[in-house]
Structures are given as C-alpha cells and as structure tokens.
Amino acid sequence: MKAIVSLAQDKISVEDVDLDPPKPGELKIKVGACGVCHSDLSVVNGVLPLPKPIVLGHEGAGSVEEIGEGVTGFEVGDHVVLSFQPACGSCPSCHRKEPQFCSIGEPNGMMLDGTHRVKLGDQPLATMQFLGCMAEYCVVPAISAVKIDKGIPFDKAALVGCGVMTGVGAALNTANVTAGSRVAVFGCGGIGLSIIQGARLAGAGQIIGVDLADNKLEMAKSFGATHVINGSDGMGAIKVKELTGGEGADFTFEAVGVPSLMLEANAAARRGGTVTIVGVGRLTETVPFNALMISMEGKTVKGCFYGDANVHHDMPMLLDLYLSGKLNLDDMVTTTYSIDEGPQAFEDMQKGLNARGVIVF
Ligand code: CXF
Ligand code: ZN
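Residues numbered from 1 in each chain as written. Chains lettered and ligands numbered in written order. Predicted model: local features only at pLDDT ≥ 70, side-chain atom pairs only at ≥ 80, totals over all residues. Heavy atoms only, no water.

## Structural notes on the overall build of the protein chain
- In terms of regular secondary structure, the protein chain is built from 11 helices and 19 strands.
- Taking 2.2 N^0.38 as the reference for a compact globule, 361 residues should give roughly 21 Å; the C-alpha atoms of the protein chain span a radius of gyration of 20 Å, in line with that estimate.
- Principal axes of the C-alpha set define a box for the protein chain whose edges measure 60 × 40 × 40 Å.
- Here the protein chain, with 361 residues, has 54% of them falling under the buried criterion.
- Entry remark: accessible area of the protein chain is about 14,500 Å², with carbon and sulfur atoms responsible for 52%. (Helix = DSSP H or I, 4+ residues; strand = E, 2+ residues; numbered from the N terminus. Rg over C-alpha atoms; globule rule 2.2 N^0.38 Å. Buried < 20%, exposed > 50% of the residue type's maximum accessible area, 1.4 Å probe, protein only. Areas by Shrake-Rupley, 256 points an atom, 1.4 Å probe, with all protein chains shown as cover.)

## So, the layout of surface pockets
- Of the voids in this model, the second largest pocket is the one considered here, and its volume is about 190 Å³.
- Lining the second largest pocket we find Val47, Leu48, Pro49, Gly279, Val280, Gly281, Arg282 and Leu283.
- Of the residues that constitute the lining of the second largest pocket, the class distribution is 5 nonpolar, 2 polar and 1 charged. (1 Å grid on protein atoms, 1.4 Å probe; cavity = no way out; pocket = protein on both sides within 12 Å on 5 of 7 lines; lining within 4 Å. Points joined across faces, edges and corners; volume = space filled by probe spheres on them. Nonpolar A, V, L, I, M, F, W, Y, C, P; charged D, E, K, R; others polar.)

## Focus: the coordination of the zinc ion (ligand 2)
- Only Cys37 (SG), His58 (NE2) and Cys162 (SG) from the protein coordinate the zinc ion (ligand 2), and they sit 2.0 to 2.2 Å from it.
- Taken together, the 4 donor atoms coordinating the zinc ion (ligand 2) and their angles of 95 to 128 degrees define a geometry best described as tetrahedral.
- The motif formed by the donor residues of the zinc ion (ligand 2), counted along the single chain, is C-x20-H-x103-C. Placement of the pair is Cys37 in the loop between strand E4 (26–36) and helix H1 (38–44) and His58 in the loop between strand E5 (54–55) and strand E6 (60–67), with a sequence separation of 21 residues.
- Taking relative accessible area as the criterion, Cys37 reaches 5% and is therefore assigned buried. (Donors = N, O, S within 2.8 Å, 3.2 Å for Na, K, Ca; no water. Tetrahedral: all angles 85-135°; square planar, octahedral: opposite > 155°, others 65-115°.)

## Let's talk about the packing of helix H4 (residues 163–174) against helix H5 (residues 190–201)
- Look at H4 against H5: their axes get within 7 Å of each other, and the N-to-C directions meet at 45 degrees. Considering the angle they form, H4 stands oblique to H5. Between H4 and H5 lies a crossing whose hand is right-handed. Residues Gly163, Val164, Thr166, Gly167, Val168, Ala170, Ala171 and Leu172 of H4 form the contact with H5, whose own contacting residues are Ile191, Ser194, Ile195, Gly198, Ala199 and Leu201.
- Residue composition of the contact of H4 with H5, grouped by class: 9 nonpolar, 5 polar and no charged. (Axes fitted to C-alpha atoms, helices over the stretch in contact; angles between N-to-C directions. Parallel < 35°, antiparallel > 145°, perpendicular 65-115°, else oblique. Left-handed = near helix turned anticlockwise from the far one by under 90°. Contact = heavy atoms within 4.5 Å.)

## Comments concerning the packing of aromatic side chains
- Counting across every chain of the model gives 4 aromatic pairs.
- Aromatic pair Phe84 and Phe305: ring centres 5.8 Å apart, planes at 80 degrees, arrangement edge-to-face. Taken together, the residues span a long stretch of sequence, with Phe84 in the loop between strand E7 (79–82) and helix H2 (92–95) and Phe305 in the loop between strand E17 (300–303) and helix H10 (311–323) at a distance of 221 residues.
- On the accessibility criterion, Phe84 (8% relative accessible area) is buried. (Phe/Tyr/Trp six-rings, centres within 6.5 Å; stacked < 30°, edge-to-face > 60°.)

## Thoughts on the sheet that holds strand E15 (residues 249–254)
- Here 6 strands make up an open sheet; going across it, the order is E14-E13-E12-E15-E16-E17 and the pairing parallel. Edge positions in the open sheet fall to strand E14 (227–230) and E17, since each of these has one partner strand only. Taking each pair of neighbouring strands and ignoring which way they run, the sheet shows an average axis angle of 15 degrees.
- Summarising the sheet, strand E13 (residues 206–211) and E14 pair through 4 bridges and their orientation is parallel. Looking across to E14, one finds that Asp211 is bridged to Asn230.
- On the sheet, helix H6 (residues 214–223) packs against E13 and E14 and is oriented at approximately 170 degrees with respect to E14.
- Each of strand E12 (182–186), E13, E14 and E15 is contacted by helix H7 (residues 236–243), which is oriented at about 155 degrees to E14, the strand it contacts most. (Pairing = 2+ DSSP bridges.)

## Overview of the environment of Ile229
- Within the element layout of this structure, Ile229 appears in strand E14.
- The exposure class of Ile229 is buried, given its relative accessible area of 5%.
- For the pair formed by Ile229 and Pro288, sequence separation is 59 residues and the distance between their alpha carbons is 24 Å.
- Contact partners of Ile229, with chain neighbours within four places excluded, come to Ile208, Gly209, Val210, Asp211, Leu217, Gly236, Lys239, Val240 and Leu243.

Structure representation (structure tokens):
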C-alpha cells in the first residue's frame, strides 16, 4: 500500500510499504481521508522529536476493515474518526476525567505494545501518534477509534481528528468562552479558524481575528470573526484593546506556537481575562512573562492540549453540529489531494494556501 513517509529530516515521500494485520486490541482502518497538519511538518523537520523513518498522519477518518482479537464495540464497515491520543480509561488522568493526558503510552512511533506494524522492505517504520494514517490503510489501537455517523463525508470527519477538535475544544472546554464575551484569536490557520467557530458557537459578542496574511483574515470573517486585524505592524494587541473599549479581550488565544505571539495574546487580554495557548512551540523556546504584571493583572494563562477533549463525547457532538449546519467543516477543506500529491499538500501548507488541505483516498 502507499503511505506518506518521512525517511529522514526534511524529507517527505510516497512509499510502497507493507502493513501487518491488527494484533489484539487493534483495528485495521481503510483510510478515507487524512488532513495535513503543521504537526506532521513538525515531525518532518524534527521540532516534534519522533524516530524516522516514520509514516505521517494523525488527523484521519476511515472505515473498519479488520478487527483484532478481543476488540468489542466495532463491526467491519463502521466509520470512525481517529484520535491522536489513545485513552485507556483507567490511569490517573482518565480517572480525573482528563483523557487527553492518558498515560497508556508514549507517542514514540511504536504501537502500544512497543512493536511496529508497517515495514518498508525489511525496515520497520514508526507511525505518528499510534496512527500513521497518511496511508491507504493503518493499524491503530481500538481505543484510538471513535465511531461516527456513516453519513458524514470522510474529508470533513477527518478534520475533527485534530484541528477542529483542538480549536473548538480550546474555546468551549479550555477557555469556556461565555455568551456576549469579547474574544481575540492570534493566528487564523486551521486551528485559529476552529477557535473562531468555537467562540461563535459559545455566543461570543465580539470575535477578533489577528493574522499576518489577508487571505486568512478573509477566511476568519467567513467563519465568524466580527473584526479582523492584520498584525504585521506588531500592533495586534494594541488594536484589540482599541476594539474592546481600551480594556482588552475577555478571552484571547494563541494558535501558532510562537513565543512573541503568545506574549501578544497575553497583552491583548483584559485584567482578569483568560489567555489560552494552543500553538505548539519549540522545546528550546521560553516565554518571558513580566514578573510584576503577571500578578497585578490577574490573568489566567492556560495551555491547551487536544482541546481538552473527551473524544468519545466531543467528536460525535461536533459532527452533529456539522450535520445540523452549526459547525462549518465544508469550507475548512479548501483543497483535496490524492496520496501521490501528498508532498504538494505539504508545500501548499507552508505557503499558507489552505484552511486545511486534505488527502483523500
Ligand atoms: C499535536 C500535538 C503534539 C503531538 C501531535 C499532535 N497536536 C496537533 O497537531
Ligand atoms: Zn494536528
């Protein structure tokens, strides 16, 4: 089968690989669609330190093709979205109702039992986040699969596997955006646009999108931003303050992973406001908060991983919102690609052309 593989640092190629059948507790998935996310690129360029060669892909949806021993609750042909964080249900984090922090396995490129399912010739390949779903088929832990309605097109469903769940979840679960509140979102790519949609769903009164690219700001408006700011002059936070009567926003979000933008998001929040950091920066970078103001301003700075989602509850909920016309996934998919066009999809993402590019099978 074909898979999109990073063989070495900064390399992306389509390879013909072999896939072993599912072991106990696993499912084989016929992938219907897989979104291309900046985190895939972060694996390629080493910002996310995973072993190579590796099959990319962590934002996928597809149908169950084969069921491993001992797996219950699935039938062949079921449609699923893949979660990039398996949750065991019985570790301390799962018991605390924080399945996004489940400790069942380190995402180190191997399956939960420490072995591989994909091979390139004789060489075992790592897979991203226990999935590696940028491939025609993948074998995944059954606990990573979330059953969904068969009426949802795979390219739309796939987005819920990462970007949309992360962004909408950041607004609804992490920040708890309230009705009538003032929201500012720094970075209007796939995650930022999803935060904007989450803020709209929460009934925010003002939603301000900030980005450097005018095409992203146009997208922000179409997904629910009431105001947009081109922040290339470095005045984003100041302009957010102006638009919010001098106070700053009640809720601000950083959706890129850049320390200076995290500080801007902090500066744009009102005293007592909430700053949610969704972007993933580099391990070597730090964010210097002002030691006096952090106390005086009384802001809450929160990190957000996977939209603080309970995927088995939140993903079907988001897809219900899609089916009832309240969550726009159709316009999030701006370009679809065949698997052979996968490397092109990465180039387009780096050029900032898409809300989301999706590989369809
Ligand atoms: C990432 C977070 C780090 C692990 C891979 C997935 N989130 C979104 O892309
Ligand atoms: Zn992602």
